[in-house]
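# Observations on the model geometry
Chain by chain, the residues:
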Amino acid sequence: MSKSMNSLKLIILSASLILSYGCNSPSETTPPDDSSEEVEKTSGRCKDIEKALVNLLNEGLLAHYPFDGDAKDISGNGLHGEVIGPASTSDRRGKAKQALRFDGVDDRVQLPHAEIIGNRRDFSIFAWVKIENNASMSIYGEFAETPARNNLMINSAQQLHLDQYPPSGNRSDPKEWEDAKPLQLGKWHFVGYTESKRTWTTYFDGVLNTSGDGAEIWEDGRGNHPFISIVGARHYSHRNPKRYRSFFAGSIDDIRIYDRALSSAEVSALHQLERARGEEDFDAISPKEKKTNSTKKKEPKTWEDRNASSEQMNITINVESAADMIMNWCPPGTFTMGCPSSEDSGRFIENTPQHEITITKGFYLGKYEVTQDQWMAVMGTNPSRVK
């Protein structure tokens, strides 16, 4: 599947899952008098869309650790890990025993395959994390007998970066954390890093955070290879097995490692998919809508009332471009279409007679016409004769 078509499908499926069908919170889009049969149909649509979206986002998946009480890899590649210390805890949705909490002292998860990333020139790694202090800490790393490493880190300023060494010894590109958005203590964040050849990108809650073109690549010319991979700690020397440091203090959930660089559209879709499953505080929605959602008010019954409140439900969908698409919420309701019989002559015959139209499901509609930049970001070509 081409990158442009994959991005287009992701945008459509993400919008359908979270927006049009109201799968994020069905109670807010389903009128109080809806039959249980209709609710069941909506739930079925949500599951079908979610399944299609998951299939797209599993392409190139090397390992996936949901940490649901253990360290099993559910990617199908069998890279199951060993939990050494961390206790099960509630995940970002408040579900018990669906994440791991690391004590910041000696907890870690050891994985059986030391080179999941290795010297790949194209890869991605994403995770949900909640930090409890401002110490430098490791999310995931691969380590050799020498200081050589691939290490997704959070520094003491709570900023994400990938520490790769060698070849140059410069470790991370300083641009990875310069102007990077810091994580908040005690709050779940979706963070990640992608690399394609020498181009790297970090992400924060589904949105591009920092990027550059000076990525390190594990090629030291001395034949050193990782001998150990760890979640929640760093390790430097095979000769000294107690040499662990930079222990993670907080909770980690759903680590995913890919053999390719996810696109911005894919990262946004992955974030939205996971936030959609019962979680209300959803960063793609405006602050006004967050406030409305938290009160769980019933949707107004009249078209005018719904339309008056629809400004609170506008969102931005991320595409692979700075030209993001602003979507306006069109709520369900009833209105009269057509021209009244008392209107002056000259109207088209198809505009009469007036008739009542009922929209049973709310949907999102672009606030503006699609721009050439937005078209190019998804399709990759520009067929317009006027540029």
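Above this text sits the structure in question.
Report follows, based on the coordinates. (Residues numbered from 1 in each chain as written. Predicted model: local features only at pLDDT ≥ 70, side-chain atom pairs only at ≥ 80, totals over all residues. Heavy atoms only, no water.)

Now for the pairing of strand 11 (residues 199-204). Within strand 11, five of the six residues are buried, which leaves it mostly tucked inside the rest of the structure. By the bridge criterion, six bridges tie strand 10 (residues 189-196) to strand 11 in an arrangement that is antiparallel. Residue pairing in the sheet places threonine 194 in a bridge with threonine 201 of strand 11. Count of turn residues in the strand 10/strand 11 antiparallel hairpin: two residues, of which lysine 197 carries a positive phi of about 60°. Relative to strand 12 (residues 207-212), strand 11 runs antiparallel, the two being bridged by five bridges. Across the sheet, the residue bridging to threonine 201 is serine 211, located in strand 12. The antiparallel hairpin formed by strand 11 and strand 12 contains two residues in its connecting segment, where aspartate 205 sits at a positive phi of about 50°. (Buried < 20%, exposed > 50% of the residue type's maximum accessible area, 1.4 Å probe, protein only. Helix = DSSP H or I, 4+ residues; strand = E, 2+ residues; numbered from the N terminus. Pairing = 2+ DSSP bridges.)

All right, on to the pattern of salt bridges then. Tallied over the full model, the rule gives nine salt bridges. When the shortest N-O distance is used, the salt bridge between aspartate 91 and arginine 93 registers 3.2 Å. Residue classification places aspartate 91 among the buried residues on the basis of a relative accessible area of 5%. Arginine 93 gets classed as partly exposed once you look at its relative accessible area, which sits at 21%. A salt bridge links glutamate 266 to arginine 260; its shortest N-O distance comes to 3.0 Å. Several salt bridges share partner residues, and in doing so they unite Arg92, Asp253, Asp254, Arg256 and Glu274 into one network. (Salt bridge = Lys/Arg side-chain N within 4 Å of Asp/Glu carboxyl O.)

Even without a glycine there, the phi angle at lysine 97 is positive, about 55°. Inspection of the secondary structure puts lysine 97 in the loop between strand 3 (87-89) and strand 4 (99-103). Among the residues examined, lysine 97 registers a relative accessible area of 58% and is labelled exposed.

The description of two aromatic rings rests on the distance between their centres and on the angle between their planes. Following the criterion strictly, the structure yields seven aromatic pairs and no others. Pairing tyrosine 244 with phenylalanine 247 gives two aromatic rings, centres 6.5 Å apart and planes at 40°, and the pair type is tilted. Members of the aromatic cluster, each reached through a chain of ring pairs, are Phe126, Trp128, Phe190 and Tyr203. (Phe/Tyr/Trp six-rings, centres within 6.5 Å; stacked < 30°, edge-to-face > 60°.)

A few words now on helix 7 (residues 372-379). When helix 7 is considered as a whole, its buried residues turn out to be Gln374, Ala377 and Val378. Across the axial projection of helix 7, the buried residues extend over an arc of 90°, all falling on one side. (Arc of directions from axis to C-beta.)

To continue, consider the environment of aspartate 73. Position of aspartate 73 among the secondary structure elements: in the loop between strand 1 (61-65) and strand 2 (82-84). Distance from aspartate 73 to alanine 63, taken between C-alpha atoms, is 5.9 Å for residues ten residues apart in sequence. The contact partners of aspartate 73, leaving out residues within four places of it in the chain, are Leu62, Ala63, His64, Tyr65, Gly78, Leu79 and His80. In this structure the side chain of aspartate 73 is engaged in a polar contact, spanning 2.9 Å, whose partner is the side chain of serine 75. In terms of polar contacts, aspartate 73 uses its side chain to reach the backbone amide nitrogen of leucine 79, at 3.0 Å. (Contact = heavy atoms within 4.5 Å. Polar contact = N/O pair within 3.5 Å; in protein donor to acceptor, adjacent residues only side chain to side chain.)

By themselves, these observations are geometric and do not establish any function.
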